Every structure is written in structure tokens, then in C-alpha cells.
Amino acid sequence: MYKKDTEELLAEIKSDTDMENFLAQNANEFKKPLHEYLNQIIEEKKLSKKDIVKNSNLNSNYVYHILSGERTNPSRPKLIAIAMAMNLNLDEIQYLLRYAGFSPLYPRNPWDAVIISAVQKGFSALETDNLLDKLGETVLIGNAKKKDRDNKG
């Protein structure tokens, strides 16, 4: 993805007195907007956006807006639901969370521990929500969607 590692960039920043020059020379080294990164994953893994939307259990317009860049600030739980719908493994989800500016999943946080366990077991976003709800934790996809789910079954 990048030609230079983070330490190399940091060393250049510390030694370069011309920031304009640094930015111009390293334009390809800066992270892309979140939607571009998500679409890169979709392309690399040959995923279907339609399946991601369906499997995330989120509002379809919301997910499409995230993937198109129309919406740039998904919440951490919703980004995790999208990541689960993309079948990302734990390491990939951790990287995605950091990429988006969120803290990675932390095993000492009960909510995060449930998510880590669910990812390790290959749970879907819906299965994860059911587990979170059963354990008295906040669900990924929000109360409105949960009520819809409860009324269906």
C-alpha cells in the first residue's frame, strides 16, 4: 500500500525544513479517505457491495453513503458492523479502526471483548448483536434496527 514505512516518514518530517516540499514528495504516502480504503478492500477481496449492505444489517442508504464517501464519519460500532459484513478478520478490523481514527478493540473492555470473541468465531453482525443484547451490552446496529429485528421474529 505504501512505499515508505511510518518511521521513515517520521524521520523525513523531523529533518525536512520545507514542509511544502515534504508534502509534495510524499503525496502518495498519506492515507486515503475512508471510503476509498473500504472500496480498495472490496475490490481486493472481490466482495459485493450489495452483500455487504445486506450482511451489515444497517440501513442500506447509510452503508452506500459510507462506501461512496457521501458520509465520512461512521460510528465505531457501525464501522465494525460493516467490517464484519466484509468478513474481515480481527487484524483487519483492528487496522480499519485505527485507519478511521478509532481505538482498536481492547480485550479489557467488556463490549470490545464480546466483539473480539464474535469475530474470532466468525459471527455475523446480526449474531453479534444478538450476543451483545443477551449480555446486556449496547448493540452494533442501534435500537431502531433491533426493534425491527425483534418484531420480525
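First, a word on scope: everything that follows refers to the structure included in this document. In this text, all values refer to a predicted model and were calculated from it rather than measured experimentally. (Residues numbered from 1 in each chain as written. Predicted model: local features only at pLDDT ≥ 70, side-chain atom pairs only at ≥ 80, totals over all residues. Heavy atoms only, no water.)

**With respect to the packing of helix H6 (residues 76-85) against helix H8 (residues 110-120)**
To keep it simple, the criterion reads: To obtain each axis, a line is fitted to C-alpha atoms, and for helices this fit is confined to the stretch in contact; angles are then taken between N-to-C directions over 0 to 180 degrees. Strands are runs of DSSP state E lasting at least two residues, helices are runs of H or I lasting at least four, and both sets are numbered from the N terminus onward. Between 65 and 115 degrees an angle is taken as roughly perpendicular, under 35 as roughly parallel, over 145 as roughly antiparallel, and anywhere else as oblique. Contacts between residues were defined by any pair of non-hydrogen atoms, one from each residue, lying within 4.5 Å. Here the term charged refers only to Asp, Glu, Lys and Arg, the term nonpolar to Ala, Val, Leu, Ile, Met, Phe, Trp, Tyr, Cys and Pro, and the term polar to all other amino acids, Gly among them.
As a packed pair, H6 and H8 sit with axes 12 Å apart at the nearest point and diverge in direction by 5°. Viewed along their axes, H6 and H8 adopt a mutual orientation that is roughly parallel. Residue-level contacts link Arg 76, Pro 77, Ile 80 and Met 84 of H6 to Trp 111, Asp 112, Ile 115, Ala 118 and Val 119 of H8. Considered class by class, the residues forming the contact of H6 with H8 number seven nonpolar, no polar and two charged.

**With respect to the nonpolar core**
As a rule of thumb, soluble globular proteins bury nonpolar side chains together. Stated formally: Here the nonpolar core consists of buried residues drawn from Ala, Val, Leu, Ile, Met, Phe, Trp, Tyr and Cys, with membership extended through side-chain atoms lying within 4.5 Å. Here's how the labels work: a residue is buried when its accessible area is under 20% of the maximum for its type, exposed when over 50%, partly exposed in between, all with a 1.4 Å probe on protein chains only.
Counting 38 residues, the largest nonpolar core has Leu 105 and Leu 140 as the members making the most contacts within it. Listed by contribution, the elements that provide at least two residues to this core are helix H3 (34-44), helix H4 (49-56), helix H5 (60-68), H6, helix H7 (90-99), H8 and helix H9 (125-134). Leu 105 has contacts with Arg 76, Ile 80, Leu 90, Ile 93, Gln 94, Leu 97, Trp 111, Asp 112, Ile 115 and Ile 116, leaving out every residue within four places of it along the chain.

**Observations regarding the packing of H8 against H9**
Applicable threshold: A crossing counts as left-handed when the near helix is turned anticlockwise from the far one by less than a right angle, and as right-handed when that turn is clockwise.
Orientation of H8 relative to H9, taken along the N-to-C sense of each, is 145°, at an axis distance of 10 Å. In this structure, H8 crosses over H9, and the sense of that crossing is right-handed. Contacts between H8 and H9 involve Trp 111, Val 114, Ile 115 and Ala 118 on the former and, on the latter, Thr 128, Leu 131 and Leu 132. Across the contact of H8 with H9, the residue classes tally to six nonpolar, one polar and no charged.

**Comments concerning the pattern of salt bridges**
To be explicit about the condition: One speaks of a salt bridge when a side-chain nitrogen belonging to Lys or Arg is within 4 Å of a carboxyl oxygen belonging to Asp or Glu.
Enumeration according to the criterion identifies three salt bridges in this entry. Residue Glu 92 is joined to Lys 45 by a salt bridge in which the shortest nitrogen-to-oxygen separation is 3.0 Å. Here Glu 92 is found in helix H7, whereas its partner Lys 45 is found in the loop between H3 and H4, with 47 residues between them in sequence. Exposure remark for Glu 92: the relative accessible area of 27% places this residue in the partly exposed category. Among the salt bridges present, the one from Asp 112 reaches Arg 76, with a minimum N-O distance of 2.9 Å. A residue pair is termed long-range when its members are at least 10 positions apart, and Asp 112 in helix H8 and Arg 76 in helix H6 qualify at 36 residues. The burial state of Asp 112 is the same as that of Arg 76; both residues are buried.

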